[in-house]
Amino acid sequence: MNKLEMKVDLNGLTLNNPITVASGTYGFGREYSEIIDLNQIGAISVKGLTLEPREGNEGRRMVETPMGMINSVGLQNPGIRYFIENEIAFLRQFDTKIIANINGNTIDEYCEMAKILSDEDVDSIELNISCPNVKNGGLAFGTDPKIVREVVSKVRKACKKHLIVKLSPNVTDIKTIARITEEEGADCISLINTMAGMAIDIHNRKPFLKRISGGLSGPAIKPIALKMVYDVHSVVSIPVLGMGGISNTTDAIEFILAGASAVAIGTANFSNPYAPLEIKKGIEDYMRHYGHVDFNTLIGDLRL
Ligand SMILES: Cc1cc2nc3c(=O)[nH]c(=O)nc-3n(C[C@H](O)[C@H](O)[C@H](O)COP(=O)(O)O)c2cc1C
């Protein structure tokens, strides 16, 4: 059997294979490391980090929906310093890339985190711009093109590492946001984050989530995510890391044909922790079946 080339270069971040796991669905990899071999995963995007530790939102913060889930976890995490002191060394035992997902209340906070992580042993920084901007009435950074330009340009200057910018799907024109992100120096774009959603308990007539609404993820958002990946890939020349409802090999290959250079598995990990490995093997089988020796020849190979 021919040996397949599975390595992929995300514009300065080389992954052993195109399978990654999405921030917030994998903690810092510890629990999953007891179940699967983390050496088999191209990269791990760690739980969203903030400058200070956060308890997350109070009350009920997750609800299952027919095709996924809605969460309002509220960025519960032990803070960037704890991550640096306790989690990087653990993850470094494995032959996988470490992506540090950062979240700020203000642009200054994002910049400070990017600066701190620039001197640490992580491979990439993923800027999550779906966070509420406290200086702008709580509207997410990623929904206003002017603010996207400002935050990406300032973080780019503060960041000495490979920089991924993770886009919010809760916008009307994802192409404009993606173009701005590229212009301001991102090395790679990841998308999509969760979509705004809500569920109501009709018996007590209250929203299921204490915060009323949250972020919808899982199979329900897959067709939307796929179109956004396709749209973004058509207007930027930097690589795209695609995610949103990927649960099986077919889903992943759809994203790759639409233009994703790599994919992230998120919500699917909760119901099937073996999903990343199954999808990796599934892509290899697909490549053999269709005569692809190098994974890179599959990226964006959509026949229109
Ligand atoms: C419980 C939960 C927590 C999440 N936390 C983060 C986070 O901290 N930072 C981030 O950028 N995205 C976060 N996300 C979004 C995922 O990384 C991913 O973009 C989204 O869920 C879509 O992929 P999926 O449908 O495969 O889960 C979270 C998603 C879930 C379900």
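Residues numbered from 1 in each chain as written. Predicted model: local features only at pLDDT ≥ 70, side-chain atom pairs only at ≥ 80, totals over all residues. Heavy atoms only, no water.

## Let's talk about the overall build of the chain
So the rule is basically this: Each helix is a run of H or I in the DSSP string that is no shorter than four residues. Each strand is a run of E no shorter than two, and both are numbered from the N terminus. Put simply, the radius of gyration uses C-alpha atoms, and a globule should come to 2.2 Å times the residue count raised to 0.38. A simple rule labels every residue: compare its accessible area, found with a 1.4 Å probe on the protein chains alone, to the largest value its type can have, and call it buried under 20%, exposed over 50%, or partly exposed in between. It only takes one pair of heavy atoms within 4.5 Å for two residues to be counted as in contact. All accessible-area figures derive from a Shrake-Rupley calculation using a 1.4 Å probe, and residue coverage is judged against the displayed protein chains alone. The charged-residue count follows a simple rule in which Lys and Arg add positive charge and Asp and Glu add negative charge, with His and chain termini not counted at all. Where a charge lies is defined by one atom per residue type: Lys uses NZ, Arg uses CZ, Asp uses CG and Glu uses CD.
The helix and strand inventory of the chain stands at 9 helices and 16 strands. Its C-alpha atoms give the chain a radius of gyration of 18 Å, within 12% of the compact-globule value 19 Å for 304 residues. Summarising its shape, the C-alpha atoms of the chain cover approximately 55 × 50 × 40 Å along the three principal directions. Counting over 304 residues, the chain shows a buried share of 55%. Counted over contacts in the chain with a minimum sequence separation of 6, partners at least 24 positions apart contribute 69%. Accessible surface computed for the chain: about 13,500 Å², of which carbon and sulfur atoms make up 51%. Here the chain holds 32 positive side-chain charges and 36 negative ones, and the gap between their average locations is 4 Å.

## Concerning the side chain of Lys161
Note the threshold: A side-chain nitrogen of Lys or Arg and a carboxyl oxygen of Asp or Glu constitute a salt bridge if their distance falls within 4 Å. Polar contacts here mean pairs of N or O atoms no more than 3.5 Å apart (in protein, one a potential hydrogen donor and the other a potential acceptor; neighbouring residues in sequence count only if both atoms are side-chain atoms).
Note that Lys161 resides in the loop between helix 4 (145–158) and strand 9 (162–166). Buried charged residue Lys161 carries no salt bridge. Nearest counter-charge: Asp121, at 5.5 Å. Here the side chain of Lys161 touches Glu120 through a polar contact of 2.6 Å, landing on its backbone oxygen. Leave out the neighbours within four places in its chain, and Lys161 touches Leu117, Ser118, Glu120, Val122, Ile125, Arg156 and Asp187.

## Some remarks on the pairing of strand 14 (residues 213–217)
Put simply, the rule reads: Strands qualify as paired when DSSP identifies two bridges or more between them.
The buried count for strand 14 comes to 4 of 5 residues, which makes it a mostly enclosed element. In the sheet, strand 6 (residues 68–71) pairs with strand 14 via 3 bridges, with the strands oriented antiparallel. Within the sheet, the bridge partner assigned to Met69 lies in strand 14 and is Ser217. As judged from the 4 bridges shared by strand 11 (residues 195–198) and strand 14, these two strands associate in the antiparallel manner. By the bridge assignment, Ala196 is partnered in strand 14 with Gly215.

## A short note on the nonpolar core
The condition that has to hold: We call a set of buried Ala, Val, Leu, Ile, Met, Phe, Trp, Tyr and Cys residues a nonpolar core when their side-chain atoms join them within 4.5 Å.
One finds Phe83, Leu117, Leu127, Val155, Leu167, Leu191 and Ile283 to be the most contacted residues of the largest nonpolar core, which totals 101 residues. In this structure Leu127 touches Ile102, Tyr110, Val152, Val155, Leu163, Ile164, Val165 and Lys166, once residues within four positions along its chain are discounted.

## Some thoughts on the sheet that holds strand 6
Defined as follows: Fitted lines through C-alpha atoms give the axes, limited to the stretch in contact for helices. The angle between two N-to-C directions lies from 0 to 180 degrees.
Spatially, the 4 strands line up as an open sheet ordered 5-6-14-11, and their pairing is antiparallel. Of all the strands in the sheet, the pair left with one neighbour each is strand 5 (62–65) and strand 11. Ignoring which end each strand starts from, the neighbouring axes of this sheet average 40° apart.

## Comments concerning the state of the cysteines
Selection criterion: Note on terminology: pairs of cysteine sulfur atoms within 2.5 Å are recorded as disulfides.
Tallied over the entire structure, the rule returns 0 disulfides. Cys111 supplies the cysteine sulfur nearest to Cys131, a cysteine that is in no disulfide, at a spacing of 13 Å. Judged by relative accessible area, which is 4%, Cys131 ranks as buried. Cysteine Cys188 is unpaired, with the sulfur of Cys159 as its nearest cysteine sulfur at 13 Å. Given the relative accessible area of 0%, Cys188 is considered buried.

## A closer look at the sheet that holds strand 7 (residues 97–102)
Overall, parallel pairing links the 8 strands, which are arranged 3-4-7-8-9-10-15-16 in a closed barrel. For this sheet the average axis-to-axis angle between neighbouring strands, irrespective of direction, equals 25°. Here strand 8 (residues 124–128) runs beside strand 9; their pairing, made up of 5 bridges, is parallel. Each bridged residue has a counterpart across the sheet, and for Glu126 the counterpart in strand 9 is Ile164. Each of strand 4 (43–45) and strand 7 is contacted by helix 2 (residues 80–92), which is oriented at about 150° to strand 7, the strand it contacts most.

## What to know about the environment of Gly244
Here Gly244 lies in the loop between strand 15 (240–242) and helix 7 (249–257). Put simply, Gly244 and Lys222 are 22 residues apart on the chain and 5.2 Å apart in space, counted from C-alpha to C-alpha. Setting aside anything within four residues of it in sequence, one finds Gly244 in contact with Ile192, Ile221, Lys222, Ala225 and Phe255.

## What about unusual backbone geometry?
Put simply, Leu191 and Ile192 share a cis peptide bond, and its omega is 10°. Backbone geometry at Leu75 places phi at a positive 55°, although glycine is not the residue there. Positive phi is not limited to glycine here, since Ile212 has a value of about 75°. In this structure, Ile212 sits in the loop between strand 13 (206–207) and strand 14.

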